[in-house]
Amino acid sequence: MSLRKRKKALRIVAGGIALAVALTTLLYYVGFVFEGNNQQYQDDFNLEQVVEQQIRSMTLEEKVGQLFMVGFSGQTISKDLESFLIDRYGGGLIIYGHNYEDLEGLLTLNQDLHRLNAAYNQIPIFLATDQEGGLVHRLPSEGVAFPGNMALGATQNIWHSYQAAMIQGAELRALGFNMTMAPVMDVNNNPENPVIGTRSYGEDPLLVSEMGVAAMMGYSATGVIPTVKHFPGHGDTAVDSHTALPTVNHDRDRLEAIELEPFALANEYGMPSLMTGHISFPTLDETGNPATLSEPILTDLLRKDWGYDGLIITDDMDMKAIADNYGREEAAIMALEAGADILLYSSGPAGQESIYNAVIEAVNEGRLTEKQIDDKVRRILTTKANYQLYETPFFALEDVRDFMGASENRFAAQAIANDSITLVKNEGNILPLKHSQTEKILVIWPEEFRVSESVLAPERLQPGAARSALGLSLTMRYLNIEEMTLPRTLSETDQEQILATASEYDYIIMGGYDLQRNSDRSTLVDRLLAQDTTLIYVGLREPYDLAANSDIPVYLAAYSSNLSSMDAVSKIIVGELEPKGVLPVSIPGHPEYSFGHGLRLSGEKIEKFEE
């Protein structure tokens, strides 16, 4: 399908999604209880006027408090957290996995935070989390686990992306969240990227644009604010900004064609919130400052050239790309000067008090003007009103339990997984395997992806019993499945033991990832290939493993290790399911395995865009 036709198709889909948004939102809220300071927005339909009145009534301290979003330690509301909301008028909080143990604890915490804030402040808080799907999954175990963005990219199905986001958004809203730091719209065109990988939809900027915009709309449909990230693009980096400052040196034409393209399209479709990346783009800002601290990028490009008027949220200001190169107070002021609206910190609220005071001092001394602060607060209040944050839904625990992980939503996740698995290579038509009680099959599975013992039946705790998602799924289809654990660190003794065991089996099914960065596991694959057994390799993250070990005869790219993906893999292995996915990224050094490549079990190539 041509570029023009694909863009037209996206606009048609977007139109259909827009028509569904109002009905989806209405149905979602029926029967639940709303609490909050919403009367002023119900009585006055002139939103702009109401926002201006509220800004005029606020002190400088209240305004500056709206510019902060912080994380915190613990699973209850501490004195420091109370102080952030009550004394410093904090505008938002971000929840991480360490903040709760189970669904009840998370729901109680979120509702308590909303109620505490409402008791002291007229302005509701942003309550955010990083629910990207796939590797970055913040929902409790009852929530639906989706395979992730690269798996979605492999389906090239815009509706899948919308549906996954809508389901996750509905679950987030039920838990009390009103913002997610997703979708990721970085173009993953660097196989050495250590931090984006399967969090991206792929290497093609238009594919990333299509899938990301659909996800943005899906979250919005449920009343959850999507925050597109990491502008201007973290895909072509070999450095993780959590640990150092990456630099992207491409010229302006290249940046506009690839890195910037998804964000530009998201802006066309009403992007409400955007997260900056701590990445230097010398072509866009010759000072070399990261985008988070760059006025030429955030104000000149984003605000003036693109006309973007949504929120600009920084990535975590505690990350080393910022923390190791700039003072904490100075970095905060620089980000606000550059054009950021909200400063995000993963560390506790007590550590941000000096930064809060420094921002107030910067206004009093004239480095920041109160007009600049007002403009930021105006965007914050407008977004909170547009997404009905002044009407916070409070759901009963029993209703949330019934809603989370509903069977129809799990079926949707399974359908996405079924459409995503990519048969990259199938030498000699080894797949599908025949159902046999005589041929012996060994599953070798990374210990970091084993299913928790707490959910396994007693017989699954015996030596050799399947304890991986793939092993458990294959056990339902074969009688002769046994399993070995692949240690995180492979000693020579470990390798010899695995090789000796593997020699007794007809087929070896091995799950793995990052072979190009893990020489021990890559060596083990080479040694397995040298034995008289057939190796079927299942890639659990990016499909670049084939570049490290190109002699693998059968390669299935799953992009995920979760239950739905492994169920789809097992069905393809035995021929119950036809593979439908295509590569969303090219495998370096192998032009035969480029973007869009995928095989059916017959050996026929899949032509996704021609369907």
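Residues numbered from 1 in each chain as written. Predicted model: local features only at pLDDT ≥ 70, side-chain atom pairs only at ≥ 80, totals over all residues. Heavy atoms only, no water.

1. Notes on the packing of helix H3 (residues 47-57) against helix H16 (residues 370-386)
Move 1: H16 packs onto H3 with a crossing angle of 130° between their chain directions and a minimal axis gap of 10 Å. Classified by the interaxial angle, the pair formed by H3 and H16 is oblique. For the crossing formed where H3 meets H16, the hand is right-handed. For the pair H3 and H16, contact is made by Leu47, Val51, Glu52, Gln54 and Ile55 and by Asp374, Val377, Arg378, Leu381, Thr382, Ala385 and Asn386, respectively.
Move 2: Here the contact of H3 with H16 is built from residues that sort into six nonpolar, three polar and three charged. (Axes fitted to C-alpha atoms, helices over the stretch in contact; angles between N-to-C directions. Helix = DSSP H or I, 4+ residues; strand = E, 2+ residues; numbered from the N terminus. Parallel < 35°, antiparallel > 145°, perpendicular 65-115°, else oblique. Left-handed = near helix turned anticlockwise from the far one by under 90°. Contact = heavy atoms within 4.5 Å. Nonpolar A, V, L, I, M, F, W, Y, C, P; charged D, E, K, R; others polar.)

2. Considerations on the nonpolar core
Move 1: Of all hydrophobic cores here, the largest spans 122 residues; its most connected members are Phe68 and Leu113.
Move 2: For this core, the leading source of residues is helix H9 (residues 205-221), giving ten residues.
Move 3: Setting aside its immediate chain neighbours within four residues, Leu113 contacts Phe72, Ile77, Leu81, Leu85, Leu93, Ile95, Ile125 and Leu127.
Move 4: Listed in part, the 32 residues of the second largest apolar core include Val443, Trp445, Phe449 and Ile573. (Core = buried A, V, L, I, M, F, W, Y, C linked by side-chain atoms within 4.5 Å. Buried < 20%, exposed > 50% of the residue type's maximum accessible area, 1.4 Å probe, protein only.)

3. Re the layout of surface pockets
Move 1: Counted as a void, the second largest pocket has a volume near 500 Å³.
Move 2: Along the wall of the second largest pocket there are 29 residues; nearest its centre are Glu132, Val136, Val195, Arg199 and His242.
Move 3: Here the lining of the second largest pocket is built from residues that sort into nine nonpolar, eight polar and twelve charged. (1 Å grid on protein atoms, 1.4 Å probe; cavity = no way out; pocket = protein on both sides within 12 Å on 5 of 7 lines; lining within 4 Å. Points joined across faces, edges and corners; volume = space filled by probe spheres on them.)

4. Here we look at the confidence of the model for the protein chain
Interpretation of the predicted coordinates at a detailed level should be avoided for regions scoring low in pLDDT.
Move 1: Of all residues in the protein chain, 89% have pLDDT values of 70 or greater, and the mean over the chain is 90.
Move 2: Across residues 18-44 the pLDDT falls below 50, and counting only partners more than four positions away or on other chains, this stretch makes 51 contacts in the model. (pLDDT = per-residue confidence, 0-100.)

5. Focus on the sheet that holds strand E3 (residues 92-95)
Move 1: A sheet is described by the order of its strands in space; here six strands give the open sequence E6-E5-E4-E3-E2-E10, paired in parallel fashion. Looking at strand neighbours, the two that pair on one side only are strand E6 (225-226) and strand E10 (343-345), the edges of this open sheet.
Move 2: Bridging between strand E5 (residues 179-180) and E6 involves two bridges; their strand directions are parallel. Bridge assignment links Met179 to a residue of E6, and that residue is Ile225. (Pairing = 2+ DSSP bridges.)

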